[in-house]
Amino acid sequence: MSAADTLSFQRLNPSLGVQVTGVDLADPAFRSDGTNLFGQIYRGWLDSGGVMVIRDQNLEPEDQLAFSRRFGELDPLEGATVEPYLHPEHREIYRVSNKVKDGVKLGRQRAGVYWHSDNSHKERAAKASLLYGIEIPPYGGDTMFSNMTVAYEALSETFRRTIDGLRCIHDFEKAKSGSFKNETVTDRHLTTTPPISHPLVRTHPETGRKCLYLNAGVITGIEGMDPEESAALLDFLYRHCIRPEFVYRHQWREKDLLIWDNRCTMHYAVADYDGVGERYMHRTTVFGDRPV
Ligand code: SIN
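Residues numbered from 1 in each chain as written. Predicted model: local features only at pLDDT ≥ 70, side-chain atom pairs only at ≥ 80, totals over all residues. Heavy atoms only, no water.

*Asks:* I tried to follow the overall build of the chain on my own but got confused; where do I start?
*Replies:* When its secondary structure is counted, the chain shows eight helices and 17 strands. In summary, the chain has a C-alpha radius of gyration of 19 Å against a globular reference of 19 Å for 292 residues, a match within 12%. Projected onto the principal axes, the alpha-carbon positions of the chain cover approximately 60 × 45 × 35 Å. Buried positions account for 55% of the 292 residues belonging to the chain. When the accessible surface of the chain is summed, it comes to about 12800 Å², and 49% of that surface belongs to carbon and sulfur atoms. For the chain, the centre of its 35 positive side-chain charges and the centre of its 41 negative side-chain charges are spaced 2 Å apart. (Helix = DSSP H or I, 4+ residues; strand = E, 2+ residues; numbered from the N terminus. Rg over C-alpha atoms; globule rule 2.2 N^0.38 Å. Buried < 20%, exposed > 50% of the residue type's maximum accessible area, 1.4 Å probe, protein only. Areas by Shrake-Rupley, 256 points an atom, 1.4 Å probe, with all protein chains shown as cover. Lys, Arg positive; Asp, Glu negative; His and termini not counted. Charge placed at Lys NZ, Arg CZ, Asp CG, Glu CD.)

In structure tokens, the structure reads:
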């Protein structure tokens, strides 16, 4: 039986999330695209609402890097505040973990514990992130995702007309006192990624659908509004986007490779597993184009 006979997609949730089984991403035939399965996986990812989990993968760092590169150019994250957590031999892998060995943290603890889209403070904000679950606590440590396309489409037409065309300032400086307050935010990080304006409503470059584009960790306000107006509007939108019917909560299994589309989702890592168990993951991050 060929790999193409066993590849299978199952929807996980009405608003977003698809599970894939029956493929071995480390198989040389898959890697050389002898099977032509990548096209089906990529299409399934675009149709998933923004989150796909590929189960039961045995991935060496090289396998994850090779698969991730099929989504686009990798963001090496060099010079970023998370630089101490990059894999020592494979610098495009960012380690997320609560493990400590000989007093050294093996990854960033409590990464992503707020609703965000990766690297939205950059001009080339992230397209995709691929997170591989190597060690998973027996329970807890889920990751939640919201579908920003359906969240946008659920707004009234009048409200949508009001917000179409607005732009937000994404400024990593804000992370210093919030999402990155336990890290040393480097001057290099701040000077290489100065505050940037991105549309509040963006059009997905591949599906053509409009979606909200938000990141509670770095957005400092809406251009042209006074701070109170901006805070009231953003506060409404943040609450709206994470309504339960727009959210999928991923309960990790070992060897899951989770791939999310930062252009049309936000995510939140649930930090509820202190004292429960160890969590160790490898993340790769794919550059996107400037949001429009
Ligand atoms: C992240 O935001 O990249 C971390 C997600 C997670 O650890 O679940």
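There is more to say, and it comes next.
*Asks:* Help me understand helix α4 (residues 61–69) in this model?
*Replies:* For an α-helix the count is 3.6 residues per turn, leaving residues at separations of three or four pointing the same way. Turning to α4, its buried residues are Pro 61, Asp 63, Gln 64, Leu 65, Phe 67 and Ser 68. In this fold, the buried residues of α4 make contact with α2 (28–31), α3 (37–47), β3 (51–54), β7 (126–135), β15 (257–261) and β17 (280–287). (Contact = heavy atoms within 4.5 Å.)

*Asks:* I keep staring at the sheet that holds strand β16 (residues 265–269) and nothing clicks. Help me out?
*Replies:* Backbone hydrogen bonds hold the strands of a sheet together, and the pairing may be parallel or antiparallel. With antiparallel pairing, the three strands of this open sheet are ordered in space as β14-β8-β16. Both edges of this open sheet fall to β14 (247–250) and β16, since each of them pairs with a single strand only. Averaged over all pairs of adjacent strands, the angle between their axes in this sheet comes to 20°, without regard to strand direction. Of the strand pairs in this sheet, strand β8 (residues 143–147) and β16 are connected by five bridges, and their pairing is antiparallel. Residue pairing across strands places Met 144 opposite Tyr 268, the latter belonging to β16. (Pairing = 2+ DSSP bridges. Axes fitted to C-alpha atoms, helices over the stretch in contact; angles between N-to-C directions.)

*Asks:* Explain the sheet that holds strand β9 (residues 167–170) here, please?
*Replies:* The three strands are arranged β10-β9-β13 in an open sheet whose pairing can be described as antiparallel. The two strands at the open ends of the sheet, each matched to only one other strand, are β10 (196–199) and β13 (219–222). For this sheet, the mean angle separating the axes of adjacent strands, direction not counted, is 30°. Across the face of the sheet, helix α8 (residues 227–241) comes into contact with β9 and β13 while running at roughly 115° to β13.

*Asks:* How should unusual backbone geometry be read in this particular structure?
*Replies:* Peptide bonds are trans in most cases, and residues, glycine excluded, mostly fall at negative phi. Non-glycine residue Asp 102 carries a positive phi angle of around 50°. Of note, Asp 102 is situated in the loop between β5 (100–101) and β6 (104–105). Overall, Asp 102 belongs to the exposed group, its relative accessible area being 73%. Located in the positive-phi region is Asn 119, a residue other than glycine, with phi close to 55°. Mapped onto the fold, Asn 119 is located in the loop between β6 and β7. Residue Asn 119 is classed as buried on the basis of its relative accessible area of 14%.

*Asks:* Sorry, what's going on with α3 here?
*Replies:* If you check which residues of α3 are buried, you get Leu 37, Phe 38, Ile 41, Tyr 42, Gly 44, Trp 45 and Leu 46. Gly 49 sits one or two positions beyond α3 and adopts a positive phi of about 90°.

*Asks:* How do you make sense of the site of the ligand when you look at a structure like this?
*Replies:* In the neighbourhood of the ligand, the contacting residues comprise Val 96, Ala 111, Gly 112, His 116, Leu 131, Thr 143, Trp 260, His 267, Ala 269, Arg 279 and Arg 283. In the model, an oxygen atom of the ligand is placed 3.2 Å from a nitrogen or oxygen of the His 116 side chain. A distance of 3.0 Å separates an oxygen atom of the ligand from a polar side-chain atom of His 267. Across the complex, the protein chains shield 98% of the 260 Å² of accessible surface that the ligand would expose by itself. Along the lines of polarity and charge, the residues of the shell around the ligand split into five nonpolar, four polar and two charged. (Near = heavy atom within 4 Å. Polar contact = N/O pair within 3.5 Å; in protein donor to acceptor, adjacent residues only side chain to side chain. Nonpolar A, V, L, I, M, F, W, Y, C, P; charged D, E, K, R; others polar.)

*Asks:* Explain the environment of Lys 122 here, please?
*Replies:* Looking at the secondary structure, you find Lys 122 in the loop between β6 and β7. For the pair Lys 122 and Gly 208, spaced 86 residues apart in the sequence, the C-alpha separation amounts to 22 Å. With near-sequence residues (within four places) excluded, Lys 122 lies in contact with Asp 75, Leu 77, Thr 193, Ile 196 and His 198.

*Asks:* In this structure, what is going on with the pairing of strand β2 (residues 18–21)? I would like to understand it.
*Replies:* Within a regular beta strand, the side chains point alternately toward one face of the sheet and then the other, so they alternate between its two faces. In this structure, strand β1 (residues 8–11) lies alongside β2, joined through four bridges in antiparallel fashion. Note that in β2 the partner of Phe 9 across the bridge is Val 20. Counting the residues between successive antiparallel strands, the hairpin from β1 to β2 contains six residues, one of them, Gly 17, with a positive phi of roughly 115°. Pairing of β2 with β3, which is carried by three bridges, proceeds in the parallel orientation. Across the sheet, residue Val 20 finds its bridge partner in β3, namely Ile 54.

*Asks:* Explain the packing of aromatic side chains here, please?
*Replies:* We describe a pair of aromatic rings using the distance from one ring centre to the other and the angle between the two ring planes. Counted according to the given criterion, the structure contains 12 aromatic pairs. Arranged with centres 5.6 Å apart and planes meeting at 50°, the rings of Trp 115 and Tyr 268 form a pair that is tilted. Of this pair, Trp 115 sits in the loop between β6 and β7 while Tyr 268 sits in strand β16, placing them 153 residues apart in sequence. Among the aromatic residues, ring-to-ring pairing joins Phe 30, Phe 38, Tyr 42, Trp 45, Phe 67 and Phe 71 into one connected group. (Phe/Tyr/Trp six-rings, centres within 6.5 Å; stacked < 30°, edge-to-face > 60°.)

Shape descriptors only; they carry no functional weight alone.
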